[in-house]
Amino acid sequence: MDQKVKPIIFLNPVFKQMIWGGERLGTDWPYEIPGPDTGECWAVSAHPNGDCTVRDGAYAGKALSELWEEEPALFGNFESEGTPKLDRFPLLTKIIDAKSDLSIQVHPDDAYAKSHENGSLGKTECWYILDCEPDATLVIGHNAKDKEELAAMIKEGRWHEFIREVPVKRGDFIQIDPGTVHAIKGGIMLLETQQNSDITYRVYDYDRLSGGKPRQLHVEQSIDVITVPAKPAAECIKDAANLLKDQMNLLISCPYYQVWKFDVTNMVSFAQEHPFLIMSVIAGDGEINGQPIRKGDHFILPCGYGEVTLEGRMEIIAASI
Ligand code: ZN
């Protein structure tokens, strides 16, 4: 394997200040944050609203979107039979620090986004809970039994009846399909892997003001796209806190991504055989093929990278398509 040809692509995150954000990305994580209301770290993103740059090496300073365009071989983005070339980097990895509750929202699927949002992609996303209070909850799903009741509950503001809150704990992994009503509650830090899309329909924002005005709600679009009845909560959540050590543990495989977790306590070796592999170190430190890595590092192993050895004591979330 020639590592000069196949470098590890470390990325510089982009930070987003949000009315619900906090300081923990600067205190619990090794980042320089823009302010005490930093809600999101876009850790691996080629989205125009937050395009990460390469940290070092031959591609230093280049935006991930540019690298994707100019070096498709790094991402295995070839034209081949049955699989057309992708027109954009397909995934987005974020770390979210919710000091207070996020709005209650829902994302459309690809078909709805394509026809209603200028050809944008829909959004399927998943969450790994990095940290939370012992009694933390998330909003996942709703209690309406049919579309009629859904529309009535939303239009009449019957939020208490409508919203389904479920308890969560550190290490839980949650898949959010399009059409699933969801909200991250205050006190939760999580890592999100999602389709590269920013289309969100806000159902309810707790009547909060941002810059003196309420943020826009998308009531009609929400009623259009929300799945009724909601999938049982237990089918969306799995416990990923205590997985087998020193191996690649698959958390989810869906049409848009696969996500794995590594709990490295000594050493693990595997072959990077995916079109590309995103890796985010979420705890501890160690080495990848002899190169030091630590909590807060995010990098991409390119197509054909070959044998990978992780050593140390660390937890890593990995994703590919
Ligand atoms: Zn979402």
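Residues numbered from 1 in each chain as written. Predicted model: local features only at pLDDT ≥ 70, side-chain atom pairs only at ≥ 80, totals over all residues. Heavy atoms only, no water.

A closer look at the sheet that holds strand β3 (residues 38-44)
Spatial ordering of the open sheet is given by β2-β3-β7-β14-β9-β12-β18, a layout of seven strands whose pairing is antiparallel. With one partner strand each, in any of the chains shown, β2 (14-22) and β18 (237-239) form the two edges of the open sheet. If you compare each strand with its neighbour and ignore which way they point, the axes differ by 25° on average. (Pairing = 2+ DSSP bridges. Helix = DSSP H or I, 4+ residues; strand = E, 2+ residues; numbered from the N terminus. Axes fitted to C-alpha atoms, helices over the stretch in contact; angles between N-to-C directions.)

Here's the deal with unusual backbone geometry
For residues other than glycine, phi is negative in most cases, and the peptide bonds are mostly trans. Cis geometry is found at the peptide bond from V228 to P229, where omega equals -15°. Positioned with a positive phi, D207 is a non-glycine residue whose angle comes to about 55°. With respect to the helices and strands, D207 occurs in the loop between β15 (201-204) and β16 (209-210). Phi is positive for D246, close to 55°, though the residue is something other than glycine. Mapped onto the fold, D246 is located in the loop between β18 and β19 (249-253).

Considerations on the domain arrangement of the protein chain
What the domain assignment reports for the protein chain is domain 1 (9-239) and domain 2 (248-320). When each unit is reduced to the centre of its C-alpha atoms, the spacing between domain 1 and domain 2 is 22 Å. With 34 residues of domain 1 at the contact, the number on the domain 2 side is 29 residues. With both sides pooled, the region where domain 1 packs onto domain 2 buries about 2600 Å², and carbon together with sulfur makes up 70% of that total. Taken as a group, F10, L91 and Y128 account for 21% of the area that domain 1 buries against domain 2, more than any other trio of residues on that side. (Domains from an automatic or database assignment. Contact = heavy atoms within 4.5 Å. Buried area = accessible area lost by both parts, 1.4 Å probe.)

Some details on the pattern of salt bridges
Pairing between side chains of opposite charge can happen when their charged atoms approach one another. A complete count under the given rule lists 22 salt bridges for this structure. Ionic pairing is found between D101 and K185, a salt bridge with its closest N-O pair at 3.4 Å. Linking D101 in the loop between β7 (91-98) and β8 (104-106) with K185 in the loop between β13 (182-183) and β14 (188-195), this pair joins segments that are 84 residues apart in sequence. The shortest N-O distance in the salt bridge between E149 and K145 comes to 3.3 Å. The network of salt bridges with common partners includes R24, D28, D131 and R170. (Salt bridge = Lys/Arg side-chain N within 4 Å of Asp/Glu carboxyl O.)

Notes on the state of the cysteines
Here the structure, examined in full by the defined rule, presents zero disulfides. The thiol of C126 is unpaired, and the distance to the nearest cysteine sulfur, on C254, comes to 7.1 Å. (Disulfide = S-S within 2.5 Å.)

Things to note about the nonpolar core
In this structure, F75, F89, I95, V259 and I300 are the most contacted members of the largest nonpolar core, which totals 39 residues. Residue-level mapping places this core at the junction of two domains, with at least three residues from each of domain 1 (9-239) and domain 2 (248-320). In contact with F89, not counting residues within four places along its chain, are V44, A46, L64, W68, F75, N196, F276, I278 and I300. M153, I154, A183 and Y201 belong to the second-largest nonpolar core, a separate cluster that totals 21 residues. (Core = buried A, V, L, I, M, F, W, Y, C linked by side-chain atoms within 4.5 Å. Buried < 20%, exposed > 50% of the residue type's maximum accessible area, 1.4 Å probe, protein only.)

Description of the environment of L25
Assignment of secondary structure puts L25 in helix α1 (residues 24-27). Put simply, L25 and D97 are 72 residues apart on the chain and 6.9 Å apart in space, counted from C-alpha to C-alpha. When neighbours within four sequence positions are excluded, L25 is seen to be in contact with P30, Y31, I33, T38, G39, E40, C41, I95, D97 and M189.

Focus: the coordination of the zinc ion
Six octahedral donors around a metal ideally sit at 90 or 180 degrees from one another, while four tetrahedral donors ideally sit at 109.5 degrees. Around the zinc ion, the protein contributes the donor atoms H107 (NE2), E125 (OE), E125 (OE) and H182 (NE2), which lie 2.0 to 2.6 Å from the metal centre. Between consecutive donor residues of the zinc ion, the sequence gaps follow H-x17-E-x56-H. Of this pair, H107 sits in the loop between β8 and α3 (110-116) while H182 is found in strand β13, placing the two residues 75 residues apart along the sequence. Across the pair, exposure class does not vary: H107 and H182 are buried alike. (Donors = N, O, S within 2.8 Å, 3.2 Å for Na, K, Ca; no water.)

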